Amino acid sequence: MNIHNLNSRRKFISQAFGGVGAAALGTLLHGNASSADAQVRKDGKANEIGLPHLPPTAKRVIYLFMSGGPSHIDLFDYKPILEQRHGEELPPSVRGNQRLTGMTAGQKGFPVCGPIGQFAQHGECGAWISDLLPYTSKIADDIAIIRSMNTEAINHDPGITFINTGSQIPGQPSAGAWASYGLGSENQNMPAYVVLLSQGTGKNPGQPIFSRLWGSGFLPSNHQGVMLRSSGDPVLYLKDPDGITRENRRDQLDHLAALNRLKFQTSGDPEIETRISQYEMAFRMQAAAPEIADLSDEPESTFQLYGEDARLPGTYAFNCLMARRMAERDVRFVQLFHRGWDQHVSLQTHLRAQCLDTDQASAALITDLKNRGMLNDTLVIWGGEFGRTAYSQGKLGSGRDHHGRCFSMWMAGGGVRGGVSYGQTDEFAYNIAENGVHIRDLNATMLHCLGIDHERFTFRFQGLDQRLTGVEHAHVLNDILI
């Protein structure tokens, strides 16, 4: 075929379908979100025929992600036999033929390693929690501890990708992007999905955190997470250069949008309209983001609650406080990634350090939301990509390897019943014994709390109706819901 004819055909198709694309994108962008079978208006309220599929119990999510794999054995899953048989060989029948990571597969022995802290029952519910988490112990009646989480992933990158996107293969939309796509934002001056990072005093540096973990994948790119920086301007280039007024910037954006729309009419590229939308969001964020990051209006009681680290940008405590401030402003999905939980060695010092980093602020967030009457409609999730082994990696007591067969997480607020312990592991905390919860089930439950039926919430891509929960069965954890 003649190349000139080919170019003419492309131009004709582009122009013919540009109007259709513009109409569709106008609905998408001006409504700020859509799903395969629903529309959400700009004000964030669902149309009569669309989302939410069911009455939501949560308006927003705060996801406290502990990157590296917190040890369920040392924090939430008390097993007396691990103390009694400390140093003895793990019975082969417990491990069976399960695959191990390359870090321990070649070990000559697998000595049982008991918890490094002391466990006790807390709250009226009597939940078993380690003394490494004294503040979390005080909110035992406000949280639901899931002790039977499981995943197929045994290494960090596939594990953290799986739990955040529903697939071990990179490139899928993140959970926050799905929430943004389905429900949009009730705050037009901030993104629907915001990400905050912190590095713990455990393993340093912790496991790498890639921006694709809050990416939009095949969803429109305006639903990807926006990472706020820990120092300086919350977002790069948010401040206008000297000599540029708000009026100047508004005029520039209006002219730029006009040029972009002319280009869209000839190319039909949906990312052009998305780019216009993001420029407008950045303009509005110039006023909103600095105000959220300015803690001068917080009373001293706030820092007594969250700890002195809450004054220091970039710390986990500061990010927890920021999450509460964004929740107050109706940001739909806030995700904190805290690195340093990968205790292959130095278990005693590094795990204790991570708990000191996070325990007070995590509990403070729940208490703060509860005191403000916000916990009822804010879903808080705490946990990592997997747990740790009951046996020691290397010298006894030195560290623990990755373990995806079972691990612990907790949820609170947003329709979740407090004071609940769900699921059981075997006596070595190595295998699921009762009520297993796959990470797909966790995501299905999160969507359910937001009023979304995970099976109906799809996006057509590569000929398939794609879902956050994938194609395998997932179920909502109704037993832990109000």
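Below or above, wherever it landed, is the structure these notes cover.

Cut-offs applied
- Residues numbered from 1 in each chain as written.
- Predicted model: local features only at pLDDT ≥ 70, side-chain atom pairs only at ≥ 80, totals over all residues.
- Heavy atoms only, no water.
- Helix = DSSP H or I, 4+ residues; strand = E, 2+ residues; numbered from the N terminus.
- Expected span 1.5 Å × (residues − 1).
- Bend = angle between axes of the 7 residues up to and from the residue.
- Core = buried A, V, L, I, M, F, W, Y, C linked by side-chain atoms within 4.5 Å.
- Buried < 20%, exposed > 50% of the residue type's maximum accessible area, 1.4 Å probe, protein only.
- Contact = heavy atoms within 4.5 Å.
- Polar contact = N/O pair within 3.5 Å; in protein donor to acceptor, adjacent residues only side chain to side chain.
- Salt bridge = Lys/Arg side-chain N within 4 Å of Asp/Glu carboxyl O.
- Phe/Tyr/Trp six-rings, centres within 6.5 Å; stacked < 30°, edge-to-face > 60°.
- Lys NZ or Arg CZ within 6 Å of the ring centre and 35° of its normal.

### Notes on helix H12 (residues 347–371)
Compared with the 36 Å implied by 1.5 Å per residue over 25 residues, the 35 Å span of H12 between its first and last C-alpha is a close match. At threonine 358, H12 is bent by approximately 30°, the largest bend along its length. Residue glycine 373 follows H12 closely and has a positive phi angle near 70°.

### Quick notes on the nonpolar core
Membership of the largest hydrophobic core comes to 53 residues, with the highest contact counts inside it found for Tyr63, Leu379, Met446 and Ile480. Once residues lying within four places of it in the same chain are set aside, the contact partners of methionine 446 are Val61, Ala175, Phe333, Leu379, Ile381 and Leu468.

### Concerning the side chain of serine 185
Looking at where serine 185 falls in the secondary structure, it is placed in the loop between helix H7 (175–183) and strand S7 (193–199). In terms of polar contacts, serine 185 uses its side chain to reach the backbone carbonyl oxygen of asparagine 187, at 2.8 Å.

### Here's the deal with unusual backbone geometry
Cis geometry marks the peptide bond from asparagine 204 to proline 205, where omega comes out at 5°. Within the secondary structure, proline 205 is located in the loop between S7 and strand S8 (226–227). Notably, aspartate 330 is not glycine yet its phi reads approximately 65°, a positive angle. Mapped onto the fold, aspartate 330 is located in the loop between helix H11 (316–328) and strand S9 (333–339). The phi angle at asparagine 435 is positive, at roughly 55°, despite the residue not being glycine. Position of asparagine 435 relative to the elements: it lies in the loop between strand S16 (432–434) and strand S17 (437–438).

### Side note on the pattern of salt bridges
Applying the stated criterion across every chain yields a total of 24 salt bridges. Note that aspartate 368 is salt-bridged to arginine 372, the shortest N-O span being 2.7 Å. Look at aspartate 368 and you get buried, because its relative accessible area is 6%. The network of salt bridges with shared partners includes Glu291, Asp297, Glu298, Arg324, Arg325, Glu328, Arg329, Asp368 and Arg372.

### Describing the packing of aromatic side chains
Evaluated as defined, the whole model comprises 18 aromatic pairs. Pairing tryptophan 382 with tryptophan 410 gives two aromatic rings, centres 6.3 Å apart and planes at 5°, and the pair type is stacked. Within this pair, whereas tryptophan 382 is found in strand S10 (residues 378–383), its partner tryptophan 410 is found in strand S13 (residues 407–412), the two being separated by 28 residues in sequence. Through pairs of rings, three or more aromatic residues link up here, namely Trp178, Tyr181, Phe218, Phe457, Phe459 and Phe461. Above the ring of phenylalanine 110, the side-chain terminus of arginine 95 is found at 4.1 Å from the ring centroid. Its end group placed over the ring of phenylalanine 303, arginine 311 keeps NZ or CZ at 4.1 Å from the ring centre.

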